[in-house]
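Below are the chains, spelled out letter by letter.
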Amino acid sequence: MGDSSREAVRLEWPAVSARRLERSALAAPSASLDPAGIAGALCGAHAQVLSAAELSIGLRGEGLTRSAVRAALWDEASLIKMHGPRGTVHLLPAAELPMWVGALSALPPAPSPFAKDVRMTPEQTEEVVAAIGAALRDAELTLDELSEAVIAATGPWAGDLVMPAFQGMWPRWRQAITLASHRGQLCFGPHRGRKVTYTHPRRLTDARPTEGTAALAGLVARYLHAYGPATPQTFARWLGVSPRWATELFDSLAGALQPVDLEGTTAWVNVGDTATPAEPPRGVRLLPYFDAYVVAGQPRERLYPGAMAARALTPSGQAGNYPVLLIDGVVSGVWHQRRSGRRLAVTVEPRTPLTAAQRAELDEQVERVAYVLEGTAELTIGMVGVGPHA
């Protein structure tokens, strides 16, 4: 995995933190990147809750609002909403779709979380993926419409209500939605009233997927540029694959990777990419749920120091369940916003009292949040009383 015979460049956490902030457009908003460019720099913006993705992208650009992000997604098609890393919904640049589909479709199959009588056979899975692609190639369908088309094309077994869901049971075929998206057969379309629609990525871009090996190499290079130095284990956690598979992938890319010493731990960057900013990380930032910076950021103990790990991470160490206050590159509090019409009630709970300068920066950040979300904001410093995902 790279040439570890030479002495590794030694990097300290503050310099790495400053580098990541700069490359994630958090050191300062980017004047040159549009919404798709920002999503590309982040290796995707988590969009399970679309407003969080709008805020993630909007805060990183100059003059960007949620309307600009929505226009890039639904009008210009420079962004695509689909299942990305970890199988979760992301906004990805349409121009990078060949790499993403090539890489995601080359991932090893994940173990099925479903009981034997629920899961589909490999042959049934392939039938469903093909049926999804055929149904969406020239259409925008609601989930019910897509379900009817898939069941008609495959057989009644696909419609068996066997998958436990939030308020009932889902049909069997739905366990293949993420795979269909990873294969480039499904993405999200614009809402039809209150209903979600799905369509085919080929309706938005004609580019064909990159070959799997090259696509995975490209994905590793982008990830390391944004979040390196990193280990195969942290890459595996970010992508949602096994550490063993990620280690083998890094080994296969030996000539393109370079080891560095990150405070006593061997980690990896793209060859020659060891530069860091001259100044340590500075600034106050508000990041929304599942912001890419905190989801990908490792080591967790440096990003979430002390009591912040217990306050803002799950017991398993998952990040993103709370919006976070970032001060000088580390998580230093949590926050929450409640919207009523155009009014945003923003509550920020810092880990320690803010200095006058930090409070002034926080006021500016709250105004930026209001600008991106196209509202007006009122800030309260105090305890955040709601739980995760509230």
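The coordinates are above.
Now for a look at the structure at hand. Residue indices begin from 1 for each chain and proceed along its sequence in written order. Where totals are concerned, whole chains, interfaces and linings use all residues; where local detail is concerned, this predicted model gives features only for residues with pLDDT of at least 70, and gives and counts side-chain atom pairs only at 80 or more. Note that water and hydrogens are dropped before the side-chain values are worked out from all heavy atoms of the structure.

### Quick word on the overall build of the protein
So the rule is basically this: Secondary structure elements are defined from DSSP: runs of H or I of at least 4 residues count as helices, runs of E of at least 2 residues count as strands, and each element is numbered from the N terminus. With the radius of gyration taken over C-alpha atoms, the globule rule is written as 2.2 Å times the number of residues to the power 0.38. Under the scheme applied here, a residue whose accessible area is under 20% of the maximum for its type counts as buried, over 50% as exposed, and between as partly exposed, the area being computed with a 1.4 Å probe on protein chains only. Contacts between residues were defined by any pair of non-hydrogen atoms, one from each residue, lying within 4.5 Å.
In terms of regular secondary structure, the protein is built from 15 helices and 16 strands. Against the compact-globule benchmark of 21 Å for 390 residues, the protein has a radius of gyration of 21 Å, which places it among compact chains. Overall, the protein is about 65 × 60 × 40 Å in size when its C-alpha atoms are taken along their principal axes. Counting across all 390 residues of the protein, residues that qualify as buried make up 53%. Partitioning the intrachain contacts of the protein with sequence separation of at least 6 by distance along the chain shows that 66% fall at a separation of at least 24.

### Digging into the packing of helix α6 (residues 122-136) against helix α7 (residues 143-154)
Let me state the cut-off plainly: Here an axis means a line fitted to C-alpha atoms, over the contact stretch when the element is a helix, while the angle between two N-to-C directions is reported on a 0 to 180 degree scale. The scheme is simple: roughly parallel for angles under 35 degrees, roughly antiparallel for over 145, roughly perpendicular for 65 to 115, oblique for anything else. Handedness of a crossing is defined here by the sense of rotation of the near helix relative to the far one, left-handed for an anticlockwise turn of less than a right angle and right-handed for a clockwise turn. Gly counts as polar in this scheme, as do all residues outside two lists: the nonpolar Ala, Val, Leu, Ile, Met, Phe, Trp, Tyr, Cys and Pro, and the charged Asp, Glu, Lys and Arg.
Contact geometry for α6 and α7: axes closest at 9 Å, N-to-C directions at 125 degrees. Viewed along their axes, α6 and α7 adopt a mutual orientation that is oblique. Crossing geometry of α6 relative to α7 is assigned as right-handed. Seen from α6, the contacting residues are E127, V128, A131, I132, A135 and L136; seen from α7, they are L146, A149, V150, A153 and T154. Split into classes, the residues belonging to the contact of α6 with α7 amount to nine nonpolar, one polar and one charged.

### A word on the pairing of strand β8 (residues 187-192)
Across a regular strand the side chains alternate sides, sitting on one face of the sheet and then on the other. For clarity, the cut-off: Strands are treated as partners if at least two bridges between them are detected by DSSP.
As judged from the four bridges shared by β8 and strand β9 (residues 195-199), these two strands associate in the antiparallel manner. The partner of G189 across the bridge, within β9, is T197. Between β8 and β9, which pair antiparallel in sequence order, lie two residues; one of them, G193, sits at a positive phi of approximately 65 degrees.

### Remarks on the sheet that holds strand β5 (residues 141-142)
Read from one edge of the open sheet, three strands run β5-β9-β8, paired in antiparallel fashion. Unpaired on one side and paired on the other, β5 and β8 mark the two borders of the sheet. Judged from the two bridges that link them, β5 and β9 form a sheet pairing that is antiparallel. Bridge assignment links L141 to a residue of β9, and that residue is Y198.

### Focus on helix α5 (residues 97-104)
With respect to burial, α5 is a largely interior element, eight of its eight residues being buried. Every buried residue of α5 is listed here: L97, P98, M99, W100, V101, G102, A103 and L104. Taken together, the buried residues of α5 touch β3 (79-83), β4 (89-93), α8 (177-182), α9 (212-227) and α10 (232-239).

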